[in-house]
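# Residue-level structure breakdown
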Amino acid sequence: MGMQHVWKALMGFVESHATGIAATAAAGVGLVTLRIWLAGGVCHSRVRLEGKTVLITGANTGIGKETAVDLAQRGARVLIACRDLSRAKKAAADIRQRSGNGNVVVKLVDLASLDSVRQLAKDIQENEERLDILINNAGIMMCPKWKTEDGFEMQFGVNHLGHFLLTNCLLDLLKKSAPSRIVNVSSLAHEKGQIHFDDINLDNDYGPLKSYRQSKLANVLFSRELAARLKGTGVTVYSLHPGVVRTELARHQLTPSALWKRILIVPIYLLMKTPWQGAQTTIYCAVEESIADVSGLYYSDCAPKEPAPQAKDDQAARRLWDLSTSMLGL
Ligand SMILES: NC(=O)c1ccc[n+]([C@@H]2O[C@H](COP(=O)([O-])OP(=O)(O)OC[C@H]3O[C@@H](n4cnc5c(N)ncnc54)[C@H](OP(=O)(O)O)[C@@H]3O)[C@@H](O)[C@H]2O)c1
């Protein structure tokens, strides 16, 4: 008798709110579909990495940390190069525990200091027998107008110049370990980027987004030029967009005072990739067998993607290379 009453009441509710219920269900299905679509590609390669050594910059959090867990699970010796030792040690313990691989080592590097980058490279050259995969992942986004220790604009200095120097210092070891790979984590942001050759440090007109876009375009151009220079060496180069990923990257936009921004961002957060999902294209570029002989391309969602026209400009790529070597005194 009681159940019948509840059932009748329920049906009455459904009949009188049919449109609302249908709309809510449709929105729910739409959201779930959108979320699955946004999750993007997954790296299905089952390649094992026993006996291989991987170096990942900025792996104490976000995409880099998830990449480290995956590559450690595959059996690699994983070196995580980070600027904050205490955060890095905590992350390394977590990576070891999650991967079941104890061979995870912390290295110190501040990419905003050429001296620190050179020290890391020297340490690797002297103490590692091989380097099979270098992942230039660390990044800083849309910070205020800051300078690196050597006086370069911060985002160009960390995202491009620091990695450019590190990579060049490690090339001999990578060649010795060939077939080996270099993976540069860029961004879709490169598409609106421009290399401001006449004002590379943006001294005259700094904009946080303008600078980020320039640095991420530099990542794609660097990959392209490096691939050309490494032809025939067995060292291949990849650049990629990881997707829009829920990490700490937006830390310079989300100041503690901007509470309204934090509230507004909640629904956007729910639609973003998780760090695990965001790491998939990096992992794909690092291990996927079918792209072992492909070099210099740009990837997104575990597939090649056409980068913006200015990212395929070989003359600009060479000009950026020359400018970078002269800025670094190479
Ligand atoms: N998240 C996205 O939606 C997205 C989209 C497109 C591209 N990306 C790219 O993905 C890469 C990883 O970013 P993420 O999203 O994982 O961000 P994240 O969570 O902020 O991680 C960035 C990492 O870079 C490190 N780092 C920053 N400055 C450094 C420096 N001077 N020296 C050494 N390490 C430094 C950070 O170290 P600390 O923790 O010590 O600061 C951290 O480990 C970046 O290159 C970013 O441009 C991300």
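Just so we're clear, the structure is a prediction, and the values are computed from it rather than from any experiment.

Once that is clear, we can look at the overall build of the protein chain. Helices and strands together make up the secondary structure of the protein chain, namely ten helices and eight strands. Along the first, second and third principal axes, the C-alpha atoms of the protein chain reach 85 × 50 × 40 Å. Split into buried and exposed, the 330 residues of the protein chain put 44% on the buried side. At a minimum sequence separation of 6, the contacts of the protein chain that also span at least 24 residues come to 76%.

A few words on the domain arrangement of the protein chain. Domain parsing of the protein chain yields domain 1 (2–35) and domain 2 (40–328). On a C-alpha basis, the centroid separation for the pair domain 1 and domain 2 is 47 Å.

The next thing to look at is unusual backbone geometry. As a rule of thumb, non-glycine residues mostly have phi less than zero, and peptide bonds are mostly trans rather than cis. Cis geometry is found at the peptide bond from alanine 178 to proline 179, where omega equals 0°. Here proline 179 is to be found in the loop between helix H6 (154–176) and strand E5 (180–185). Even without glycine at this site, methionine 142 takes up a positive phi of about 50°. With 18 C-beta atoms packed within 10 Å, methionine 142 lands in the partly exposed category. Within the chain, leucine 202 stands out as a residue other than glycine whose phi angle is a positive 50°.

Ordered by their spatial adjacency, eight strands build an open sheet running E3-E2-E1-E4-E5-E6-E7-E8, and the pairing between neighbours is mixed. Strands at the two margins of the open sheet, each flanked by one partner only, are strand E3 (104–108) and strand E8 (303–304). Summarising the sheet, strand E2 (residues 77–82) and E3 pair through five bridges and their orientation is parallel. Looking across to E3, one finds that leucine 79 is bridged to valine 105. Helix H3 (residues 62–73) contacts strand E1 (53–57), E2, E3, strand E4 (133–136) and E5 of the sheet and is inclined by roughly 170° relative to E1.

Our next topic: the site of the ligand. Around the ligand sit 30 residues, and of these Gly58, Gly62, Ala138, Gly139 and Thr247 come closest. Considering each element in turn, the shell around the ligand owes the most residues, three residues, to H3. Classifying every residue of the shell around the ligand gives 14 nonpolar, eleven polar and five charged.

With respect to the secondary-structure elements, alanine 27 resides in helix H2 (residues 18–39). For alanine 27, a count of 10 C-beta atoms within 10 Å puts it in the exposed group. Separated by 84 residues in the primary sequence, alanine 27 and leucine 111 place their C-alpha atoms 45 Å from one another.

For the pair H3 and helix H9 (residues 275–287), interaxial distance at closest approach is 8 Å and the crossing angle is 60°. Comparing the axis directions of H3 and H9 gives the class oblique. Once H3 is placed against H9, the crossing between them reads as right-handed. Residues Gly62, Ile63, Lys65, Glu66, Thr67, Asp70 and Leu71 of H3 touch H9, and the partners they reach there are Pro275, Trp276, Gly278, Ala279, Thr282, Ile283 and Ala286. Of the residues in the contact of H3 with H9, the class split is seven nonpolar, four polar and three charged.

Here the focus is the packing of H3 against helix H4 (residues 85–99). At a closest axis distance of 9 Å, the pairing of H3 and H4 adopts a crossing angle of 40°. In this view, H3 runs oblique relative to H4, as classed from their interaxial angle. The hand of the H3/H4 crossing is right-handed. Of H4, the residues touching H3 (which contributes Lys65, Ala68, Val69, Ala72 and Gln73) are Ala91, Ile95, Arg98 and Ser99. Considered class by class, the residues forming the contact of H3 with H4 number five nonpolar, two polar and two charged.

Taking 1.5 Å of rise per residue, the 15 residues of helix H1 (residues 2–16) would be expected to cover 21 Å, and the 21 Å separating its terminal C-alpha atoms lies within 8% of that figure. Within H1, only zero of the 15 residues are buried, which leaves the element largely exposed.

The subject of this paragraph is the nonpolar core. Within soluble globular proteins, side chains that are nonpolar generally end up buried alongside one another. Membership of the largest hydrophobic core comes to 80 residues, with the highest contact counts inside it found for Val54, Leu55, Ile56, Ala68, Val78 and Ile80. Per-element tally for this core: the top contributor is H6, with ten residues.

The next point concerns H3. For H3, which comprises twelve residues, the first-to-last C-alpha distance of 17 Å matches the rise-based estimate of 16 Å (1.5 Å per residue) to within 8%. For H3, a buried count of eleven out of twelve residues is recorded, marking the element as mostly surrounded by other parts of the structure. Inspection of H3 places Gly62, Ile63, Gly64, Lys65, Glu66, Thr67, Ala68, Val69, Asp70, Leu71 and Ala72 among the buried residues, and these make up the whole buried set. Of the residues flanking the end of H3, it is glycine 75, one or two places downstream, whose phi is positive at about 100°.

On to the pairing of E4, then. Successive residues of a regular strand alternate their side chains across the two faces of the sheet. Of the two faces of E4, the one carrying Ile133 and Ile135 and the one carrying Leu134 and Asn136 are both buried. Pairing analysis gives three bridges linking E1 to E4, with the strands arranged parallel. Directly across from leucine 55, in E4, lies its bridge partner leucine 134. Here four bridges tie E4 to E5, and the two strands are oriented parallel to one another.

The rules behind each value
Here the residue numbering is sequential within each chain, running from 1 through the sequence in written order. Where totals are concerned, whole chains, interfaces and linings use all residues; where local detail is concerned, this predicted model gives features only for residues with pLDDT of at least 70, and gives and counts side-chain atom pairs only at 80 or more. Here a helix means four or more residues in a row that DSSP labels H or I, a strand means two or more in a row labelled E, and each is numbered from the N terminus. Burial is judged by counting other C-beta atoms within 10 Å of a residue's own C-beta: 20 or more means buried, 12 or fewer means exposed, and anything between counts as partly exposed, with every C-beta placed from the backbone. Contact between two residues is assigned whenever their backbone-derived C-beta positions fall within 7 Å. Where each domain starts and ends follows an automatic or database-derived domain assignment. At least two bridges found by DSSP between two strands are what make those strands a pair. Think of each axis as a best-fit line through the C-alpha atoms, taken over the contacting stretch in the case of a helix, with angles from 0 to 180 degrees between the N-to-C directions. Here is the check we use: build the C-beta atom from the backbone, and if it is within 6 Å of the molecule or strand, call the residue near. Classification used: nonpolar for Ala, Val, Leu, Ile, Met, Phe, Trp, Tyr, Cys and Pro, charged for Asp, Glu, Lys and Arg, polar for all others including Gly. Put simply, angles under 35 degrees are roughly parallel, angles over 145 are roughly antiparallel, angles from 65 to 115 are roughly perpendicular, and the rest are oblique. Crossing handedness is defined as follows: a turn of the near helix away from the far one that is anticlockwise and smaller than a right angle gives a left-handed crossing, while the clockwise case is right-handed. To estimate how far a helix should extend, the number of its residues minus one is multiplied by 1.5 Å. Throughout this description, the term nonpolar core refers to a group of buried Ala, Val, Leu, Ile, Met, Phe, Trp, Tyr and Cys residues whose C-beta atoms join them within 7 Å.

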